[in-house]
Amino acid sequence: MHGCGNDYIYVDTMQYPIADPVQAAILWSDRHKGIGSDGLVLIGASPIPEANYTMRIFNADGSEAMMCGNASRCIGKYLYEKTHPWPLPVSEGNGYQETVIRLLTKSGIKMLYLHIVKGIVESVTVDMGEPVLEDEKLFNPQIAKSLSAPLHYREGQGGGSALFVSMGNPHYVIFTDNVDQVGETGRVLEHHPAFPQRCNIEFARIEADGIIRTRVWERGSGITQACGTGACATAVAAFITGRAGRQSQIVMDGGTLNIELRESDNHVLMTGSAEFVFDGEIELQTT
């Protein structure tokens, strides 16, 4: 499945348990010798009553991520369209139906609002929770000051050329006219000592009012077509630095995501599509 071109292999572990997801992610994600993907996503039953299902996500290099917005939308579409009968209530909306899934992730429980038209999930809104701007486990601002201009970190949240935002996973959003430096610069910054657990790097350019062109270097996967949490981080950084309002369209290589920073509780709402590509069977070869 993919969300705006951010493609992952999805396994329903309630039917097909994966004993070694790290090895599976590395082997299957290889675009020449495997299936080819940005990583592996495991869908599971929730161990707690507060959530309906669980998500674990492994990057193409085998490292485990805490959260993925694009993957969460795909999970919502998969569960609704492949689960018969659907176990959760469905309500009537304005021309569509809606159902809610509580998805347990490494970053806590995320609420998925599925917008359904004629039995098909047309889009999904994910409540990504409240962004975090300071987290010493993920970001060291003192070390970050050593980042060479014009990518240096400036003190004070307003007017800075770059900003750290955690959406349950770390992001460093750089506002620049040259978003195509994503490969050369992103590769270096992912491993910069300012980020103790490495970092996702976004390169963002303001195109028009509320429209932001963004390219992503994703931790553990390299350049990806899109990143849901990265889109959220970009919108938050743009709002905080006065570059955009509370609603933004984040235009990524693989498509556009609509992001809202809700004023009532400062939660980030991400809305976008999810698509099936193909399904099949594969054996995990062990050595």
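Residues numbered from 1 in each chain as written. Predicted model: local features only at pLDDT ≥ 70, side-chain atom pairs only at ≥ 80, totals over all residues. Heavy atoms only, no water.

### Observations concerning the overall build of the chain
Next up, step 1: In terms of regular secondary structure, the chain is built from 5 helices and 18 strands.
Next up, step 2: Whereas a compact globule of 287 residues would reach a radius of gyration of roughly 19 Å, the chain reaches 18 Å, a difference of no more than 12%.
Next up, step 3: For the C-alpha atoms alone, the extent of the chain along its principal axes is close to 55 × 55 × 30 Å.
Next up, step 4: Within the chain, buried positions represent 52% of all 287 residues.
Next up, step 5: In the chain, 60% of the contacts between residues at least 6 apart in sequence involve partners at least 24 apart.
Next up, step 6: A total accessible area of about 13000 Å² is found for the chain, and carbon and sulfur atoms account for 49% of it.
Next up, step 7: Seen as two clouds, the 22 positive and the 34 negative side-chain charges of the chain have centres 3 Å apart. (Helix = DSSP H or I, 4+ residues; strand = E, 2+ residues; numbered from the N terminus. Rg over C-alpha atoms; globule rule 2.2 N^0.38 Å. Buried < 20%, exposed > 50% of the residue type's maximum accessible area, 1.4 Å probe, protein only. Contact = heavy atoms within 4.5 Å. Areas by Shrake-Rupley, 256 points an atom, 1.4 Å probe, with all protein chains shown as cover. Lys, Arg positive; Asp, Glu negative; His and termini not counted. Charge placed at Lys NZ, Arg CZ, Asp CG, Glu CD.)

### Observations regarding the pattern of salt bridges
Next up, step 1: With the rule as written, the count across this model stands at 13 salt bridges.
Next up, step 2: Residue E64 pairs with R56 through a salt bridge whose shortest N-O separation is 2.9 Å.
Next up, step 3: Overall, E64 belongs to the partly exposed group, its relative accessible area being 30%.
Next up, step 4: Residue classification places R56 among the partly exposed residues on the basis of a relative accessible area of 36%.
Next up, step 5: Through salt bridges with shared partners, one network takes in D180, R213, R215 and D253. (Salt bridge = Lys/Arg side-chain N within 4 Å of Asp/Glu carboxyl O.)

### Brief notes about the packing of aromatic side chains
Next up, step 1: All told, the structure shown has 5 aromatic pairs when counted by the stated rule.
Next up, step 2: Summarising the aromatic geometry, the rings of F139 and Y172 are spaced 6.1 Å apart at their centres and angled 35° between planes, so their arrangement reads as tilted. With F139 in the loop between β10 (120–127) and α3 (141–144) and Y172 in strand β12 (residues 170–175), this pair connects stretches of sequence that are 33 residues apart. Of the two residues, F139 and Y172, neither departs from the other in class, the shared state being buried.
Next up, step 3: Sitting above the plane of the F276 ring, K82 keeps its charged end 4.9 Å from the centroid. (Phe/Tyr/Trp six-rings, centres within 6.5 Å; stacked < 30°, edge-to-face > 60°. Lys NZ or Arg CZ within 6 Å of the ring centre and 35° of its normal.)

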